[in-house]
Amino acid sequence: MTPTPLMTIGAFAQAARLSPKALRLYDDLGLLRPAQVDAGSGYRRYDPAQLEDARLIGLLRRADLPLTDIQALLGAPAPDRPAALRAHLARLDRLHRERRDLTLYLIARLQGETPMTLPPVQTRFQPEQSVAALTRHVFVADLPGAIQSGMQALIDLVNAQGGMFGGAPFVIYHGDVNADSDGPIEICVPYRGPLTPGGDVTLRVEPAHHEAFLALTREQFEFPAILVAYDATCAAAAAHGTCTLRPREVYAYDWDGAAPGDPVGDVAWPYEPVMVPS
């Protein structure tokens, strides 16, 4: 039986409706290896039987599937591949909703409107706290996972050393977290008693302060709805004094057990009260 002639990268790229540059990238990443690479010239040649996978990769990229996810999908048994794409579709739907809601928020903000009804901003005094803390540089897509894993690591440290928890955990935003900015964020767990830091955990004292805060439901806590709460607490903090510390999210409630309409967390913005001359 005569073997099927191999195709040059140019011919294969044209048949697969891909560019030679894309094929070289897929080779480098291990997504689609050439059937043959000339040892002397480095020329790549492909088997026509590889066209189906090449076209599939091209379509998956057009569907905005990350290259790492494509690699996992191609390595999965054929019956498991639709489930991977359904998970990707759910992510796309969530991303579309976030972008749509963020655009609506920006439209309302530019028009001077409040895009969501919130309860009145409250104020409170937060005494000085000893905290175990982890600092993380993280983009918005990885933010929930970073908070969850970091919080758990701190809780495990306190438990392992026989410490006591001294208050609600919180996350301080020392910089913006979005698609282009990675914070940083500082994950903090208040504690009492002796504690020894380990790894990248630091121990410090969070100073006493006043703060403007809002208790939010799960729906209000979702991005980008939560931006309205940050706007409101920032304005309230500025009206009461000088903002000297960075904003934070405080997890003082049962997040998993909260019923619809119950608070799941606070957005708080610290301030130093204006001293009124006597």
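Residues numbered from 1 in each chain as written. Predicted model: local features only at pLDDT ≥ 70, side-chain atom pairs only at ≥ 80, totals over all residues. Heavy atoms only, no water.

Let us now look at the environment of Leu-227. With respect to the helices and strands, Leu-227 occurs in helix 8 (residues 226-240). Its relative accessible area of 23% is what places Leu-227 among the partly exposed residues. Through-space distance from the C-alpha of Leu-227 to that of Leu-92 is 21 Å; in sequence the pair is 135 residues apart. Setting aside residues no more than four positions away along its own chain, Leu-227 makes contact with Leu-102 and Tyr-105. (Helix = DSSP H or I, 4+ residues; strand = E, 2+ residues; numbered from the N terminus. Buried < 20%, exposed > 50% of the residue type's maximum accessible area, 1.4 Å probe, protein only. Contact = heavy atoms within 4.5 Å.)

We now examine the packing of helix 3 (residues 51-62) against helix 4 (residues 67-75). One can describe the packing of helix 3 onto helix 4 by two numbers: an axis separation of 10 Å at closest approach and a directional angle of 140°. Considered as vectors, helix 3 and helix 4 are oriented oblique to each other. Regarding helix 3 and helix 4, the two cross each other, and that crossing is right-handed. Counted together, Leu-56, Ile-57, Leu-60 and Arg-61 of helix 3 and Leu-67, Ile-70, Leu-73 and Leu-74 of helix 4 form the full contact between these two elements. Partitioning the contact of helix 3 with helix 4 into residue classes produces seven nonpolar, no polar and one charged. (Axes fitted to C-alpha atoms, helices over the stretch in contact; angles between N-to-C directions. Parallel < 35°, antiparallel > 145°, perpendicular 65-115°, else oblique. Left-handed = near helix turned anticlockwise from the far one by under 90°. Nonpolar A, V, L, I, M, F, W, Y, C, P; charged D, E, K, R; others polar.)

Before going further, it helps to spend a moment on helix 1 (residues 9-16). Within the sequence span of helix 1, burial applies to Ile-9, Phe-12, Ala-13 and Ala-16. All buried residues of helix 1 lie within an arc of 100° about the axis, which places them on one face of the element. Looking at the buried side of helix 1, the elements it contacts are strand 1 (7-8), helix 2 (20-28), strand 3 (44-46) and helix 3. Of the residues one or two after helix 1, Arg-17 is the one with positive phi, at around 60°. (Arc of directions from axis to C-beta.)

Our next topic: the UniProt feature "domain: HTH merR-type" (unreviewed entry) in the chain. Here, the residues flagged by UniProt with the feature "domain: HTH merR-type" (unreviewed entry) are residues 6-76. What you have in residues 6-76 is 54% helix and 10% strand, and the ends, taken at the C-alpha atoms, are 26 Å apart. (UniProt positions renumbered as here; feature names shortened; annotations may be inferred.)

On to the environment of Gly-162, then. Relative to the helices and strands, Gly-162 resides in the loop between helix 6 (143-160) and strand 6 (164-165). Taking the C-alpha atoms as reference, Gly-162 lies 31 Å from Trp-269; in sequence the two are 107 residues apart.

Bringing the packing of helix 1 against helix 2 into the picture now. Geometry of a packed helix pair, given as the angle between the helix axes and the separation of the axes. One way to put it is that helix 1 packs onto helix 2 with a least axis distance of 9 Å and a crossing angle of 100°. When the axes of helix 1 and helix 2 are compared, the pair comes out roughly perpendicular. Together, Ile-9, Phe-12 and Ala-13 of helix 1 and Pro-20, Leu-23 and Arg-24 of helix 2 make up the contact between the two elements. In the contact of helix 1 with helix 2, the residues fall into five nonpolar, no polar and one charged.

Here we take up helix 8. The end-to-end C-alpha distance of helix 8 is 21 Å, a good match for the 21 Å that 15 residues give at a rise of 1.5 Å each. Those residues of helix 8 that fall on the buried side of the exposure criterion are Ile-226, Val-228, Ala-229, Tyr-230, Thr-233, Ala-236 and Ala-237. (Expected span 1.5 Å × (residues − 1).)

Bringing the pattern of salt bridges into the picture now. Taken as a whole and judged by the stated rule, the model has nine salt bridges. With its nearest N and O atoms 2.9 Å apart, the salt bridge here joins Arg-136 to Asp-200. Here Arg-136, found in strand 5 (residues 129-136), pairs with Asp-200, found in the loop between strand 8 (185-192) and strand 9 (202-206); they are 64 residues apart in sequence, far enough to count as distant. Overall, the relative accessible area of 27% leaves Arg-136 in the partly exposed class. Relative accessible area serves as the criterion here: at 46%, Asp-200 is assigned to the partly exposed category. Taking the shortest distance from any N to any O, the salt bridge between Arg-204 and Glu-186 comes out at 2.8 Å. Of the two residues, Arg-204 is situated in strand 9 and Glu-186 in strand 8; the sequence distance between them amounts to 18 residues. Judged by its relative accessible area of 7%, Glu-186 falls in the buried class. The network of salt bridges with common partners includes Glu-186, Arg-204, Glu-206 and Arg-248. (Salt bridge = Lys/Arg side-chain N within 4 Å of Asp/Glu carboxyl O.)

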